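# Coordinates in review
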Amino acid sequence: MSQFPEISDLEELLYRADAAMGAAEAHGALCGMLCARGTVELSEWVDHVVGEQEQGSELLHDVVHKMSDLLQATMEMMNDATGEFRLLLPDEDDPLPERVDALASWCQGFIYGLAAGGITEESELPEDTDELLQDLIEISRARHDVDEEEEQEPDASDDEVAYMEIEEYVKVGVLNIYEDLQPIQTTQTIH
């Protein structure tokens, strides 16, 4: 399997390149484009994420190389029947508000990627897919607000559990959308 990059590595490169999207949103856009089309040209995805850049720069080369790794790893995971699909999000050691914001950005990118891949409001989608998309739109609006009382409470385990459940829901939902829109092609021949 191809190397799935660390979010911090890609985030830093995209920041330095003054990209239009951060790492989580970029991965969401990639997954949305894959769900819509089944395949994505690296150059098209890079254009959506990075925007106008000076061709030939070493920084752009590094960004494209890292994004190429992510594209390959993501395509392999989305077509892997074992369900090892991952979202490019901060680790569980990172602060919860940062992870919530990243998940919201990922979902925002996913919706963008579907549109970039040709899925419109007028597209005829399976009912389950349409419901999942509505949920992802709601998740894309999420923000984690911390008030002073909550900050002082050492036990935020309810929020952690809720976050993990939502992240898992997004992963499973995206795979279901992918399967609905791009059924896995099998190379086995029935005799």
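See the structure printed just above.
Residues numbered from 1 in each chain as written. Predicted model: local features only at pLDDT ≥ 70, side-chain atom pairs only at ≥ 80, totals over all residues. Heavy atoms only, no water.

### Topic: the overall build of the protein chain
For the protein chain, the count of helices and strands is 8 helices and 0 strands. In sequence order, the protein chain lays out its α and β elements as α-α-α-α-α-α-α-α. Here the contacts in the protein chain between residues at least 6 apart in sequence split such that 76% fall between residues at least 24 apart. Entry remark: accessible area of the protein chain is about 11300 Å², with carbon and sulfur atoms responsible for 45%. (Helix = DSSP H or I, 4+ residues; strand = E, 2+ residues; numbered from the N terminus. Contact = heavy atoms within 4.5 Å. Areas by Shrake-Rupley, 256 points an atom, 1.4 Å probe, with all protein chains shown as cover.)

### A short note on the packing of aromatic side chains
Geometry of an aromatic ring pair is reported as the spacing of the ring centres plus the angle between the planes. Applying the stated rule across the entire model yields 1 aromatic pair. Both rings, one in W106 and one in F110, keep their centres 5.7 Å apart while their planes meet at 10 degrees; by these two values the pair is stacked. Placement of the pair is W106 and F110 together in helix α5 (residues 96–116), with a separation of 4 residues, close to one helical turn. Of note, R99 hangs over the ring of Y163, and the distance from its end group to the ring centre comes to 5.1 Å. (Phe/Tyr/Trp six-rings, centres within 6.5 Å; stacked < 30°, edge-to-face > 60°. Lys NZ or Arg CZ within 6 Å of the ring centre and 35° of its normal.)

### Digging into the pattern of salt bridges
Taken as a whole and judged by the stated rule, the model has 5 salt bridges. With a shortest N-O distance of 2.5 Å, E160 and R99 are connected by a salt bridge. Of this pair, E160 sits in helix α8 (residues 157–181) while R99 sits in helix α5, placing them 61 residues apart in sequence. For the salt bridge of R141 with E138, the shortest nitrogen-to-oxygen distance reads 2.6 Å. Residue R141 is classed as exposed on the basis of its relative accessible area, which comes to 55%. (Salt bridge = Lys/Arg side-chain N within 4 Å of Asp/Glu carboxyl O. Buried < 20%, exposed > 50% of the residue type's maximum accessible area, 1.4 Å probe, protein only.)

### A word on the packing of helix α2 (residues 23–37) against α8
Here α2 crosses α8 at 25 degrees, and the two axes come no closer than 7 Å. Here α8 runs roughly parallel to α2, going by the angle between their axes. Facing C31, L34 and C35 of α2, the residues of α8 in contact are V174, I177, Y178 and L181. A per-class count over the contact of α2 with α8 returns 7 nonpolar, no polar and no charged. (Axes fitted to C-alpha atoms, helices over the stretch in contact; angles between N-to-C directions. Parallel < 35°, antiparallel > 145°, perpendicular 65-115°, else oblique. Nonpolar A, V, L, I, M, F, W, Y, C, P; charged D, E, K, R; others polar.)

### Section: the nonpolar core
Core analysis: the largest hydrophobic core is formed by 54 residues, its most contacted members being L14, W45, W106, F110 and V174. Listed by contribution, the elements that provide at least two residues to this core are α1 (7–16), α2, α3 (42–50), α4 (58–78), α5, α6 (127–140) and α8. Ranked by the residues each element gives to this core, the list is headed by α2, at 10 residues. (Core = buried A, V, L, I, M, F, W, Y, C linked by side-chain atoms within 4.5 Å.)

### A word on α8
Taking 1.5 Å of rise per residue, 25 residues should cover 36 Å, and α8 covers 36 Å from first to last C-alpha, within 8% of that figure. When α8 is considered as a whole, its buried residues turn out to be Y163, V170, K171, G173, V174, I177 and Y178. Contacts from the buried residues of α8 go to α2, α4, α5 and α6. (Expected span 1.5 Å × (residues − 1).)

### Digging into α6
If you check α6, its first and last C-alpha atoms are 20 Å apart, about what 14 residues at 1.5 Å a residue would give, namely 20 Å. T129, L132, L133, L136, I139 and S140 are the residues of α6 that are buried. Projected down its long axis, α6 shows its buried positions confined to an angular sector of 120 degrees, all on one face. Where α6 is buried, its residues touch α5 and α8. (Arc of directions from axis to C-beta.)

### Observations regarding unusual backbone geometry
Positive phi values are uncommon outside glycine, yet D18 reaches one of about 55 degrees. Within the secondary structure, D18 sits in the loop between α1 and α2.

### Considering the state of the cysteines
Formally, a disulfide is one covalent bond, and it connects the sulfur atom of one cysteine to the sulfur atom of another. Summed over the entire model, instances satisfying the criterion amount to 0 disulfides. Unpaired in terms of disulfides, C31 finds its nearest cysteine sulfur in C35, a separation of 6.8 Å. (Disulfide = S-S within 2.5 Å.)

### Points about the environment of T129
Tracing the backbone shows T129 in helix α6. By relative accessible area, which is 0% here, T129 ends up buried. Separated by 50 residues in the primary sequence, T129 and E179 have C-alpha atoms spaced 9.7 Å apart. In contact with T129, other than residues within four places in its own chain, are I177 and D180.

What is shown is where atoms sit, not what they do.
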